[in-house]
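Close look at the chain arrangement
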Amino acid sequence: MSVLEDVLKEEYARSLRFSRLIEEELATLPKGSVRVRMIRGREYYYLNHREGDRVISDYIPASKIESVRAKVARRRELKEALREQERSRRQIERALGERPDVVDDLNGG
């Protein structure tokens, strides 16, 4: 096996580990988006998300709105990072001509 193949397989395994960590963090973050509704001249904040075919709106107290917005933004960043890791793994598979057999665990190898 060439050095390049070894490096690509190591990068593939690292990408898998990183993707798992991203998925674990995503599971802790809220889905959806923050929406503002004007009711009788006052702003009320809601977290809108889908559950099956239904759109669910959960009220967000004004004291927690910035925290929820930060978590929603973090979720978007992580989703993009996860897509980037998937693209990277596809490129490695194309370069190797196959999906590498890697022993993957979160402890590094």
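See above for the structure.
Residues numbered from 1 in each chain as written. Predicted model: local features only at pLDDT ≥ 70, side-chain atom pairs only at ≥ 80, totals over all residues. Heavy atoms only, no water.

1. What about the environment of S67?
Basically, it comes down to this: Helix and strand assignments follow DSSP, with helices taken as H or I runs no shorter than four residues and strands as E runs no shorter than two, numbered in order from the N terminus.
As for its placement among the helices and strands, S67 is situated in helix α2 (residues 65-96). Sequence separation between S67 and Q85 is 18 residues; the distance between their C-alpha atoms is 27 Å.

2. Looking at unusual backbone geometry
We count it as follows: Only protein chains enter the area calculation, which uses a 1.4 Å probe; residues under 20% of their type maximum are buried, those over 50% are exposed, and those in between are partly exposed.
The backbone phi angle of R40 is positive, close to 50°, even though this residue is not glycine. Secondary-structure assignment places R40 in the loop between β1 (33-39) and β2 (42-51). Assessed through its relative accessible area of 83%, R40 is described here as exposed.

3. Here's the deal with the side chain of S33
Formally: Polar contacts here mean pairs of N or O atoms no more than 3.5 Å apart (in protein, one a potential hydrogen donor and the other a potential acceptor; neighbouring residues in sequence count only if both atoms are side-chain atoms).
Assignment of secondary structure puts S33 in strand β1. Here S33 falls in the buried class, since its relative accessible area comes to 14%. Looking at S33, its side chain comes within polar contact range of the side chain of R35, at 3.3 Å.

4. Let's talk about the pairing of β1
Test applied: Strands qualify as paired when DSSP identifies two bridges or more between them.
Looking at chain direction, β1 and β2 are connected through seven bridges and run antiparallel. From the neighbouring strand, I39 faces β2, where its bridge partner is R42. In textbook terms, the turn of a hairpin is the stretch between consecutive antiparallel strands, and for β1 and β2 this stretch comprises two residues, one of which, R40, has a positive phi near 50°.

5. Here we look at the pairing of β2
Relative to strand β3 (residues 54-60), β2 runs antiparallel, the two being bridged by seven bridges. Pairing of H49 across the sheet is with I56, part of β3. Counting the residues between successive antiparallel strands, the hairpin from β2 to β3 contains two residues, one of them, G52, with a positive phi of roughly 70°.

6. Some words on the nonpolar core
Defined as follows: Within this scheme, the nonpolar core is defined by two criteria: the residues are buried Ala, Val, Leu, Ile, Met, Phe, Trp, Tyr or Cys, and they are joined through side-chain atoms within 4.5 Å. The contact rule is simple, with two residues in contact once any of their heavy atoms fall within 4.5 Å.
Residues V34, Y45, L47, I60, I65, V68 and V72 constitute the largest nonpolar core, which totals seven residues. Those elements giving two or more residues to this core turn out to be β2 and α2. Top element by residues in this core is α2. It accounts for three residues. Once residues within four sequence positions are removed from consideration, L47 is found in contact with P30, K31, G32, S33, V34, I56, S57, D58, I60, V68 and V72.

7. Describing the sheet that holds β2
The strands making up a sheet are joined through hydrogen bonds of the backbone, oriented either antiparallel or parallel. The cut-off we apply is this: Helix axes are fitted only over the stretch in contact, all axes being lines through C-alpha atoms; the angle between N-to-C directions runs from 0 to 180 degrees.
Read from one edge of the open sheet, three strands run β1-β2-β3, paired in antiparallel fashion. The sheet is open, and its two edges are formed by β1 and β3, each paired on a single side. When strand polarity is set aside, the average angle formed by the axes of neighbouring strands in this sheet is 40°. Helix-sheet contacts for α2 involve β1, β2 and β3, and the interaxial angle to β1 is about 145°.

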